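Here's the letter readout for the chains.
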Amino acid sequence: MDNNDFCKMQNWYPALSGNAFPTSFLKLQPEEVEALADGALDGPIAYNVITRLRLPMHYIPGNCFVSVDTCAPTDTERFKLKRGAVYSPESAWNFLALSAKIREAAAKKEVSNICMRPFRRMNQTREFRLFIYKGELSAMSQYWLTRHFRRLEGIKNKIWEQVNEFFDEISWNLPAETFVMDIYITSTSKILIVDLNPWGGETDPLLLGHWDRDWSNKKKLVMMPPPTKIFGDVNVSF
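Residues numbered from 1 in each chain as written. Predicted model: local features only at pLDDT ≥ 70, side-chain atom pairs only at ≥ 80, totals over all residues. Heavy atoms only, no water.

1. A short note on the environment of Asp212
- Within the secondary structure layout, Asp212 lies in the loop between strand S7 (191-197) and strand S8 (220-222).
- Taking the relative accessible area as the measure of exposure, Asp212 reaches 68% and is therefore exposed.
- Considered as a pair, Asp212 and Phe21 are 191 residues apart in the sequence and their alpha carbons are 32 Å apart. (Helix = DSSP H or I, 4+ residues; strand = E, 2+ residues; numbered from the N terminus. Buried < 20%, exposed > 50% of the residue type's maximum accessible area, 1.4 Å probe, protein only.)

2. Comments concerning the pairing of strand S3 (residues 113-118)
- In terms of burial, S3 is largely enclosed, as 5 of its 6 residues are buried.
- Note that strand S1 (residues 24-27) and S3 share 4 bridges and pair antiparallel. Bridging across to S3, Leu26 finds its partner in Ile114.
- Looking at chain direction, strand S2 (residues 64-68) and S3 are connected through 5 bridges and run antiparallel. Looking at S3, one finds that Ser67 is bridged to Cys115. (Pairing = 2+ DSSP bridges.)

3. With respect to the layout of surface pockets
- In this structure, the largest pocket spans a volume of roughly 1,400 Å³.
- Lining the largest pocket we find 46 residues, and of these Thr70, Cys71, Lys101, Asp195 and Asn197 sit closest to its centre.
- For the lining of the largest pocket, the secondary structure elements donating two or more residues are S2, helix H6 (100-107), S3, strand S4 (127-133), strand S6 (179-185) and S7.
- If you tally residues by element for the lining of the largest pocket, the top one is S7, at 4 residues.
- Class assignment of the residues belonging to the lining of the largest pocket gives a composition of 20 nonpolar, 9 polar and 17 charged.
- The computed volume of the second largest pocket comes to approximately 220 Å³.
- Along its surface, the second largest pocket is lined by 13 residues, and Arg126, Ile155, Ile159, Ile185 and Ser189 are the ones closest to its centre.
- Looking at the lining of the second largest pocket, the elements that each hand over two or more residues are helix H7 (150-153) and helix H8 (156-170).
- The greatest single-element share of the lining of the second largest pocket, amounting to 3 residues, is contributed by H8. (1 Å grid on protein atoms, 1.4 Å probe; cavity = no way out; pocket = protein on both sides within 12 Å on 5 of 7 lines; lining within 4 Å. Points joined across faces, edges and corners; volume = space filled by probe spheres on them. Nonpolar A, V, L, I, M, F, W, Y, C, P; charged D, E, K, R; others polar.)

4. Here we look at the sheet that holds S7
- Taken in spatial order, the 5 strands make up an open sheet running S7-S6-S4-S5-S8, and their pairing is mixed. The two strands at the open ends of the sheet, each matched to only one other strand, are S7 and S8. Taken over all neighbouring pairs, the strand axes of this sheet differ in orientation by 25 degrees on average, direction set aside.
- The pairing of S4 with strand S5 (residues 136-142) spans 6 bridges and is classified as antiparallel. Considered in S5, the bridge of Phe128 is made with Gln142.
- The strands touched by H8 within the sheet are S4, S5, S6, S7 and S8, with S5 carrying the most contacts at an inclination of about 140 degrees. (Axes fitted to C-alpha atoms, helices over the stretch in contact; angles between N-to-C directions. Contact = heavy atoms within 4.5 Å.)

5. Some words on the packing of aromatic side chains
- Taken as a whole and judged by the stated rule, the model has 12 aromatic pairs.
- Centre to centre, the rings of Tyr133 and Trp199 are 5.6 Å apart; their planes meet at 35 degrees, and the pair counts as tilted. Of the two residues, Tyr133 is situated in strand S4 and Trp199 in the loop between S7 and S8; the sequence distance between them amounts to 66 residues.
- Where Trp199 meets Trp215, the ring centres are 4.7 Å apart and the plane angle is 70 degrees; that geometry is what we call edge-to-face. On the criterion of sequence distance, the pair formed by Trp199 in the loop between S7 and S8 and Trp215 in the loop between S7 and S8 is long-range, its members being 16 residues apart.
- Assessed through its relative accessible area of 23%, Trp199 is described here as partly exposed.
- On the basis of relative accessibility, which here comes to 5%, the residue Trp215 falls in the buried class.
- One Lys or Arg, Arg213, reaches over the ring of Trp215 and ends 5.5 Å from the middle of that ring. (Phe/Tyr/Trp six-rings, centres within 6.5 Å; stacked < 30°, edge-to-face > 60°. Lys NZ or Arg CZ within 6 Å of the ring centre and 35° of its normal.)

6. Concerning the sheet that holds S1
- Strands sit in the order S1-S3-S2 across an open sheet of 3 strands; the sheet is antiparallel. Edge positions in the sheet fall to S1 and S2, since each has one partner strand and no second. Across the sheet, the mean angle from the axis of one strand to that of its neighbour is 25 degrees, orientation sign disregarded.

See the structure below:
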């Protein structure tokens with residue numbers, strides 16, 4: 001097994017399913033992975049996958065969010081417009097096949113499953129990235145770097161404490177000592193695991209800036225700073 005295979009959803013989900021969104025898996029055959037890598041939107045192979053998607057998607061109420069076991073199609077127009085919500089098996093396959101991220105992962109033979117879960121319109125202020133280093137929760141970053149979330153400012157210490165309690169509860173069951181975990185905190189304060197990512201490499205350190213740092217020095221929750229206000233007379237020349 002590859003050193004980072006624990007990040008594939010089908011590998012970590014059985015142990016951590018009680019702390020994650022309910023998810024179903026569809027195993028892909030080698031020729032189906034190749035069709036995904038080619039971005040095939042139709043043809044007998046694509047049709048076969050679409051047919052097999054019907055049953056698991058039937059048991060998911062409402063809209064569905066689909067990904068593969070190593071990444072999600074967050075680079076697509078559908079994700080920008082609808083956050084990735086799909087209803088039909090045809091839309092699910094097209095959503096994946098139109099993603100450059102998914103096609104690249106499939107071409108590298110890093111894809112073996114399609115993953116399906118109920119779609120949830122997640123509040124960006126509730127998504128975070130955890131940095132777990134040598135078995136310890138070292139740091140935490142705001143996930144969406146679009147702006148400063150003022151509503152989090154007064155409760156960031158409480159969030160850090162809550163996440164530490166969550167980490168203590170699940171630490172015995174984690175698949176590795178050093179990796180990155182994306183989480184979502186629901187409106188009822190339940191913490192759900194969204195994804196696991198390998199340490200370093202192409203994984204974005206977000207507000208931690210870079211991987212070459214002393215991770216034994218905990219940074220708690222790091223957030224985007226508020227916008228700078230300038231007072232007084234300001235002369236600007238171009």
